[in-house]
Amino acid sequence: LFAAAFLPNPQKGFDRFIELYRIIQSRMNNVQALIIGDSKGEDYELTDAEFLGYISDPKQIINAYSLSDLFVITSVQDNLPGTVLEAMSCGTPVAGFNIGGIPEMIDDNKNGFVAEPEKLDDLANRIIDYINSPEKHAHFSQNARKKILENYHKDIVVDKHVELYNSIMKNPE
């Protein structure tokens, strides 16, 4: 699964996703991409991918994440992308690049993969290995959900903010 509200946004790296998807397809024939975004496949010459269009209904978004074996984020510039958190909340492991906050969310080889942006071939090999290992999927899926519950659940985030606020108020500069 790939998702971006505006697929042509160069920061989201959809062109990198297309390249990655084609590498994977050249090495295996039982892979299908789902794409959430504002455009249809004919705009990108990806007639073999399933374009779901722009989705705003949370239930439909949850269904897309839950149906997917892996969420792939190929952003070339990002901070702490919500799509990574959304995918992991649904128990969907994530593969992405070592940029911005992405490596803080993905524990490499535990709940997904992190690769250097210029190493598409490496990321493709790791995704293919993952697809061919159902036990990895189950393990990574559990770890993805666990990471969200232990680090990003709203109660934990609120507690961390309160703790930070209190520490600042005790020691104002």
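None of the values given here were measured: they were computed from a predicted structure.

## With respect to the sheet that holds strand S5 (residues 94–97)
So, step 1. Here we have three strands laid out as an open sheet, ordered S4-S5-S6, and parallel in their pairing. At either margin of the open sheet sits one strand with a lone partner, and together these are strand S4 (71–73) and strand S6 (112–115). Adjacent strand axes in the sheet meet at a mean angle of 10 degrees when their direction is disregarded.
So, step 2. Where S4 meets S5, three bridges bridge the pair, whose relative direction is parallel.

## As for the sheet that holds strand S1 (residues 2–3)
Sheet strands pair via backbone hydrogen bonds, and the direction of the pair is either parallel or antiparallel.
So, step 1. Here three strands make up an open sheet; going across it, the order is S1-S2-S3 and the pairing parallel. Each edge of the open sheet is held by one strand with a lone partner, namely S1 and strand S3 (50–53).
So, step 2. Looking at chain direction, strand S2 (residues 34–36) and S3 are connected through three bridges and run parallel. Its bridge partner being in S3, Ile36 is matched across the sheet by Gly53.

## As for the packing of aromatic side chains
In this description, a pair of aromatic rings is defined by centroid distance and the angle of the planes.
So, step 1. Overall, the coordinates contain eleven aromatic pairs when judged by the stated rule.
So, step 2. When the centroid spacing of 6.4 Å and the interplanar angle of 85 degrees are considered together, the rings of Phe14 and Phe51 count as edge-to-face. Of this pair, Phe14 sits in helix H1 (residues 14–27) while Phe51 sits in strand S3, placing them 37 residues apart in sequence.
So, step 3. Judged by relative accessible area, Phe51 falls into the buried class, the value being 10%.
So, step 4. Three or more aromatic residues joined by ring pairs form one cluster here, namely Phe2, Phe14, Phe17, Tyr21, Tyr44 and Phe51.

## Some remarks on the nonpolar core
So, step 1. Phe14, Ile35 and Leu46 are the most contacted members of the largest nonpolar core, which has 52 residues in total.
So, step 2. A total of seven residues in this core trace back to one element, the largest contributor, which is H1.
So, step 3. With residues up to four places along the chain from it excluded, the contact list for Phe14 reads Phe2, Leu7, Ile35, Tyr44, Leu46, Phe51 and Thr74.

## Re a nonpolar patch on the surface
So, step 1. A cluster of nonpolar side chains, namely Leu164, Tyr165, Ile168 and Met169, defines an oily patch on the protein surface of about 430 Å² accessible area.
So, step 2. Overall, the relative accessible area of 49% leaves Leu164 in the partly exposed class.

## So, helix H5 (residues 120–131)
So, step 1. Here H5 is twelve residues long and its end C-alpha atoms lie 16 Å apart, about the 16 Å a rise of 1.5 Å per residue gives.
So, step 2. The set of residues buried in H5 consists of Leu120, Leu123, Ala124, Arg126, Ile127, Ile128 and Tyr130.
So, step 3. Looking at the packing, one finds that the buried side of H5 touches H1, S4, S5, S6 and helix H6 (134–152).

## Points about unusual backbone geometry
So, step 1. Even without glycine at this site, Asn109 takes up a positive phi of about 70 degrees.
So, step 2. Mapped onto the elements, Asn109 comes out in the loop between helix H4 (102–105) and S6.

## As for the pattern of salt bridges
So, step 1. Using the criterion set out here, one finds six salt bridges in the structure.
So, step 2. As a salt-bridge pair, Arg16 and Glu19 come within 3.9 Å of each other at their nearest N and O atoms. Note that Arg16 and Glu19 are positioned in helix H1 at a spacing of three residues, about one turn of the helix.
So, step 3. With a shortest N-O distance of 2.7 Å, Arg126 and Asp108 are connected by a salt bridge. One end of the pair, Arg126, is in helix H5; the other, Asp108, is in the loop between H4 and S6, and 18 residues separate them in sequence.
So, step 4. What makes Arg126 buried here is its relative accessible area of 18%.

Basis of the calculations
- Residues numbered from 1 in each chain as written.
- Predicted model: local features only at pLDDT ≥ 70, side-chain atom pairs only at ≥ 80, totals over all residues.
- Heavy atoms only, no water.
- Pairing = 2+ DSSP bridges.
- Helix = DSSP H or I, 4+ residues; strand = E, 2+ residues; numbered from the N terminus.
- Axes fitted to C-alpha atoms, helices over the stretch in contact; angles between N-to-C directions.
- Phe/Tyr/Trp six-rings, centres within 6.5 Å; stacked < 30°, edge-to-face > 60°.
- Buried < 20%, exposed > 50% of the residue type's maximum accessible area, 1.4 Å probe, protein only.
- Core = buried A, V, L, I, M, F, W, Y, C linked by side-chain atoms within 4.5 Å.
- Contact = heavy atoms within 4.5 Å.
- Patch = residues over 30% accessible without salt bridge, like charges linked within 9 Å, V, L, I, M, F, W, Y side chains within 5 Å.
- Areas by Shrake-Rupley, 256 points an atom, 1.4 Å probe, with all protein chains shown as cover.
- Salt bridge = Lys/Arg side-chain N within 4 Å of Asp/Glu carboxyl O.
- Expected span 1.5 Å × (residues − 1).

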